[in-house]
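# Residue-level structural notes
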Amino acid sequence: MRKRLHISFFRCNFGVNKTKITAFTMDKPTPMTMKDIARALGVSVATVSRALSDSPSISKERRQKIQQFAAEHNYYPNEIAGQLRNSRKSPIKVIGVIVPQFLHYYFASVLTGIEQAASQRGYTIIVAQSHEQYERERKICESFHQGRVCGVIVSQAKDTMQYDHFERLIDQGVPLVFYDRICAAINANRVVVDDYMGTYRAVTYLIERGCRRIAYYGTNMNMEIGINRYNGYKDALYKNGLKPDESLVLLCDTRDEAERITPQLLGRKDRPDAIFAVNDETAVACLHVAKRMGLQVPDDLSICGFTNSEQAQACDPMLTTVEQRGIEVGEQAVDVLVGLVEGRLPMDHAEKRVVKTRLIVRGTTK
């Protein structure tokens, strides 16, 4: 019997906290951060953090200088995060989680891993959905920063091109861990799957099974996940003596987009003999289009996805796909965050973990 995921979802009522949230961007100045203090005094952020926590590893004179500067410039640390890192008795154990989409199978599986791992450690989670929107993501971060959480686990939205909201959390000493979609512009903690090798092995397998014109359905290249998977695709072709055809490289990572563009692609005289899709949802949509057009899968067209979702086994034929291990990603993200919060991992070091993928071969490939 399949386990059900029980999570109390958090709706950010930004209207209730409107005054607090707009303080970052309107009349009130942006609060001073540890990075500001470090820059002004010519020291590292780690030194500022230790001095403000009165660590004996910093000289008394330097501690007093940093603490005095912070007091004079109205620096206010994140209370809950600070208390949790420095208290082993009865800390507030609430983790904020930002998900691009609740309905996406992979993100749901990551949430399962996060909830299970957090519960085992005595933590609870508050979950908010960004709906793939930068502005909503920014507001969620600001709301979390008001003292609701001891740390944040996040997969960034597709249209996020500015990262000030993430940097603010880090500067204020709030532990931050990215999963799946990471912010490459920030040297932050992250847990990802081996996107490059997962794609490389899948495309190599298609080539080994006789495919020569392999189309690539990818996601935005402004995200590292998009770059890594495209590079895995491209390198697999080069490694096997094939030259990439840019007309077969398409920006398509949703079912609707796949339904729209696949008929034209498969209607070409030089149509591809295989499609590698960046997720299962897109791959299954390609399968449905191919069958409607009278193509035989996998004889006329091989298809490979990336996730190993429930859809992969619910279609006919069942989908060959790269297993993404979302539950393990969620568990690892919690392990990193709790390690930061409880002091087992240093705040001035970016922990980077990679979860291995594996190719699941089913009926959509030869």
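Report on the accompanying structure. Just so it is clear, the model here is predicted, and its values are computed rather than measured.

## So, the nonpolar core
Among the nonpolar cores identified, the biggest contains 47 residues, and Ile95, Val97, Ile153 and Ile214 are the most heavily contacted of them. No other element matches the eight residues that helix α14 (residues 326-341) contributes to this core. Excluding its chain neighbours within four sequence positions, the residues that come into contact with Ile153 are Ile95, Gly96, Val97, Ile98, Ile114, Val177, Tyr179, Ala333, Val334 and Leu337. Of all hydrophobic cores here, the second largest spans 23 residues; its members include Cys252, Ala258, Leu265 and Ala285.

## Quick word on the pattern of salt bridges
In a structure, side chains of opposite charge can pair up when their charged atoms sit close to one another. Counted under the stated rule, the structure contains 22 salt bridges. Between Arg268 and Asp270 there is a salt bridge, with its nearest N and O atoms 3.0 Å apart. Take Asp270: its relative accessible area is 37%, and that puts it in the partly exposed class. Between Asp335 and Arg353 there is a salt bridge, and its shortest N-O distance comes to 2.7 Å.

## A look at helix α9 (residues 195-208)
Structural remark: α-helix, 3.6 residues per turn; residues separated by three or four positions point the same way. An ideal rise of 1.5 Å per residue puts 20 Å on 14 residues; α9 measures up with 20 Å between its terminal C-alpha atoms. Taking burial as the measure, the 14 residues of α9 include 10 buried ones, the bulk of the element. Those residues of α9 not exposed but buried are Asp195, Gly198, Thr199, Tyr200, Ala202, Val203, Thr204, Tyr205, Leu206 and Ile207.

## Brief notes about the sheet that holds strand β7 (residues 249-251)
The sheet built from six strands is open, its strands ordered β7-β6-β8-β9-β10-β12 with mixed pairing. Looking at which strands have only one partner, the edges of the open sheet turn out to be β7 and β12 (358-360). Averaged over all neighbouring strand pairs, the angle between strand axes comes to 20°, with direction disregarded. Sheet topology places strand β6 (residues 214-218) next to strand β8 (residues 274-277); four bridges connect them, and they run parallel. Looking across to β8, one finds that Tyr216 is bridged to Phe276.

## A closer look at the packing of aromatic side chains
Counting across every chain of the model gives nine aromatic pairs. Residues Tyr230 and Tyr233 carry aromatic rings whose centres are separated by 6.2 Å and whose planes lie at 40° to one another, so their mutual orientation is tilted. With a gap of three residues between them, Tyr230 and Tyr233 both fall in helix α10 (residues 224-239), about one helical turn apart. The exposure class of Tyr230 is buried, given its relative accessible area of 12%. On the basis of relative accessible area, Tyr233 is assigned to the buried category, the value being 1%. Centre to centre, the rings of Phe276 and Phe306 are 6.4 Å apart; their planes meet at 90°, and the pair counts as edge-to-face. Of this pair, Phe276 sits in strand β8 while Phe306 sits in strand β9 (residues 302-307), and the two are 30 residues apart along the sequence.

Quick notes on the rules
Residues numbered from 1 in each chain as written. Predicted model: local features only at pLDDT ≥ 70, side-chain atom pairs only at ≥ 80, totals over all residues. Heavy atoms only, no water. Core = buried A, V, L, I, M, F, W, Y, C linked by side-chain atoms within 4.5 Å. Buried < 20%, exposed > 50% of the residue type's maximum accessible area, 1.4 Å probe, protein only. Helix = DSSP H or I, 4+ residues; strand = E, 2+ residues; numbered from the N terminus. Contact = heavy atoms within 4.5 Å. Salt bridge = Lys/Arg side-chain N within 4 Å of Asp/Glu carboxyl O. Expected span 1.5 Å × (residues − 1). Pairing = 2+ DSSP bridges. Axes fitted to C-alpha atoms, helices over the stretch in contact; angles between N-to-C directions. Phe/Tyr/Trp six-rings, centres within 6.5 Å; stacked < 30°, edge-to-face > 60°.

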